[in-house]
Amino acid sequence: MPKHSKAYRAAAEKIEAGRVYAPLEAVRLAQATTTTKYDATVEVVFRLGIDPRKADQMVRGTVNLPHGTGKTARVIVFANGERAEQARAAGADEVGGDELIEKVAAGYTDFDAAVATPDLMGKVGRLGKVLGPRGLMPNPKTGTVTMDVAKAVSDIKGGKIEFRADRHANLHFIIGKVSFSDVQLVENYAAALEEILRLKPSASKGRYISKATITTTNGPGIALDQNKTRNLTSEDEAA
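Reading the values: the criteria
Residues numbered from 1 in each chain as written. Predicted model: local features only at pLDDT ≥ 70, side-chain atom pairs only at ≥ 80, totals over all residues. Heavy atoms only, no water. Helix = DSSP H or I, 4+ residues; strand = E, 2+ residues; numbered from the N terminus. Rg over C-alpha atoms; globule rule 2.2 N^0.38 Å. Buried < 20%, exposed > 50% of the residue type's maximum accessible area, 1.4 Å probe, protein only. Contact = heavy atoms within 4.5 Å. Areas by Shrake-Rupley, 256 points an atom, 1.4 Å probe, with all protein chains shown as cover. Lys, Arg positive; Asp, Glu negative; His and termini not counted. Charge placed at Lys NZ, Arg CZ, Asp CG, Glu CD. Pairing = 2+ DSSP bridges. Phe/Tyr/Trp six-rings, centres within 6.5 Å; stacked < 30°, edge-to-face > 60°. Lys NZ or Arg CZ within 6 Å of the ring centre and 35° of its normal. Axes fitted to C-alpha atoms, helices over the stretch in contact; angles between N-to-C directions. Core = buried A, V, L, I, M, F, W, Y, C linked by side-chain atoms within 4.5 Å.

1. Overview of the overall build of the chain
Moving on, step 1. A tally of regular secondary structure across the chain gives eight helices and nine strands.
Moving on, step 2. Computed over the C-alpha atoms, the radius of gyration of the chain is 19 Å, within 12% of the 18 Å expected from 2.2 N^0.38 for a compact globule of 239 residues.
Moving on, step 3. Taking the principal axes of its C-alpha atoms as reference, the chain extends roughly 55 × 45 × 35 Å.
Moving on, step 4. Residue burial in the chain is summarised as follows: out of 239 residues, 46% are buried.
Moving on, step 5. Long-range pairs, those at least 24 residues apart, make up 73% of the contacts in the chain with a sequence separation of at least 6.
Moving on, step 6. Of the roughly 12,500 Å² that the chain leaves accessible, carbon and sulfur atoms contribute 48%.
Moving on, step 7. Taken as two groups, the 34 positive and 29 negative side-chain charges of the chain have centres that lie 6 Å from each other.

2. Some words on the pairing of strand S1 (residues 41-48)
Moving on, step 1. In the sheet, S1 pairs with strand S7 (residues 170-177) via seven bridges, with the strands oriented antiparallel. Looking at the pairing, Thr41 lines up with Lys177 of S7.
Moving on, step 2. Across seven bridges, the pairing between S1 and strand S8 (residues 209-216) is antiparallel. Paired with Val44 across the strands is Ile214, a residue of S8.

3. Examining the side chain of Thr117
Moving on, step 1. Mapped onto the secondary structure, Thr117 falls in the loop between strand S5 (113-116) and helix H5 (121-124).
Moving on, step 2. Ignoring any residue separated from it by four or fewer positions in sequence, one finds Thr117 in contact with Phe78, Ala79, Arg83, Thr146, Met147 and Val149.

4. As for the packing of aromatic side chains
Moving on, step 1. One pass over the full model with this rule turns up three aromatic pairs.
Moving on, step 2. Both rings, one in Phe46 and one in Phe173, keep their centres 5.3 Å apart while their planes meet at 70 degrees; by these two values the pair is edge-to-face. Pair noted here: Phe46 is in strand S1 and Phe173 is in strand S7, with a separation of 127 residues, a long-range link. No difference in accessibility class separates Phe46 from Phe173, as the two residues are buried.
Moving on, step 3. Centre to centre, the rings of Phe46 and Tyr189 are 6.2 Å apart; their planes meet at 75 degrees, and the pair counts as edge-to-face. Pair noted here: Phe46 is in strand S1 and Tyr189 is in helix H8 (residues 182-198), with a separation of 143 residues, a long-range link.
Moving on, step 4. We classify Phe46 as buried; its relative accessible area is 1%.
Moving on, step 5. An aromatic cluster is defined as three or more aromatic residues linked by ring pairs; in this entry it consists of Phe46, Phe173 and Tyr189.
Moving on, step 6. We note Lys103 situated over the ring of Tyr108; from NZ or CZ to the ring centre the distance is 4.3 Å.

5. Describing the sheet that holds strand S9 (residues 222-223)
Moving on, step 1. With respect to topology, four strands assemble into an open sheet ordered S7-S1-S8-S9, the strand pairing being antiparallel. Of all strands in the sheet, those with a lone pairing partner are S7 and S9, marking the two edges.
Moving on, step 2. Running over the sheet, helix H2 (residues 23-32) touches S8 and S9 and is turned about 35 degrees from S8.
Moving on, step 3. Taken strand by strand, H8 contacts S1, S7 and S8, and its axis lies near 150 degrees from that of S7.

6. Some thoughts on the nonpolar core
The nonpolar side chains of soluble globular proteins are, as a tendency, buried together.
Moving on, step 1. Within the largest apolar cluster, 39 residues are counted, with the highest numbers of intra-cluster contacts made by Phe46, Leu48, Phe173, Tyr189 and Ile214.
Moving on, step 2. Take this core: its biggest share by element is seven residues, from H8.
Moving on, step 3. Here Leu48 is in contact with Val59, Ala165, Ala169, Leu171, Tyr208, Ile209 and Ser210, once residues within four sequence places are set aside.
Moving on, step 4. By size, the runner-up hydrophobic cluster in this structure holds 16 residues, among which are Phe78, Val104, Leu120 and Leu131.

7. Some thoughts on the sheet that holds S5
The strands making up a sheet are joined through hydrogen bonds of the backbone, oriented either antiparallel or parallel.
Moving on, step 1. If you trace the three strands from one edge of the open sheet to the other, you get S4-S3-S5, paired in parallel fashion. Of all the strands in the sheet, just strand S4 (94-96) and S5 have a single pairing partner and so form its edges. Each adjacent strand pair in this sheet contributes to an overall mean axis angle of 15 degrees, direction not counted.
Moving on, step 2. One ladder, built from three bridges, connects strand S3 (residues 75-78) with S4; its direction is parallel. Bridged to Val77 within S4 is Val95.

Here's what the structure looks like:
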């Protein structure tokens, strides 16, 4: 087992073993147990009752967090002509056609999201080995393959996050930074939770969200009451 720092052990002592916390209380505890000197990211992990090997049980989507992520995402856009100009005007960090495709093919991945116009997907599709493992491949289901590149860039820059269950049925997503207010973090969590619940596959049987944990960068995990889905900013404790 990895040896944890003194700060981590001190933070972990504040968490009651075997207890699940209501969202508001869990967020406050996460803020109180952060172990970094910088403004750490707050992340939630769900264990889903799905079989990700089956296409009809894959959970993947996007959501616009009402208070953003606390980070301005770097976005590249594969587009030419007028669409390229629209992407630049919307604040894309890098825009291009063949030359940008070649740059990414050579290993360039210093960005958080990629958008592409449909006409370039034949070429962008060849970047699967580079973009796929990093979850950066443009996809029409997440709004990143579109002619409206300006909207896609604005949405991502404004706090749109993408989530996807991994092969172990775990789903990770961020809800902001430690410096956010507790209510802002809970409202971001609520927005993500609502969308994830909406995307529950009809083929999924039994409990959909079997376990939930909230944590900060390098901080200890806090068991979250995944059954509480309404009035999340209330003071009520988990049952």
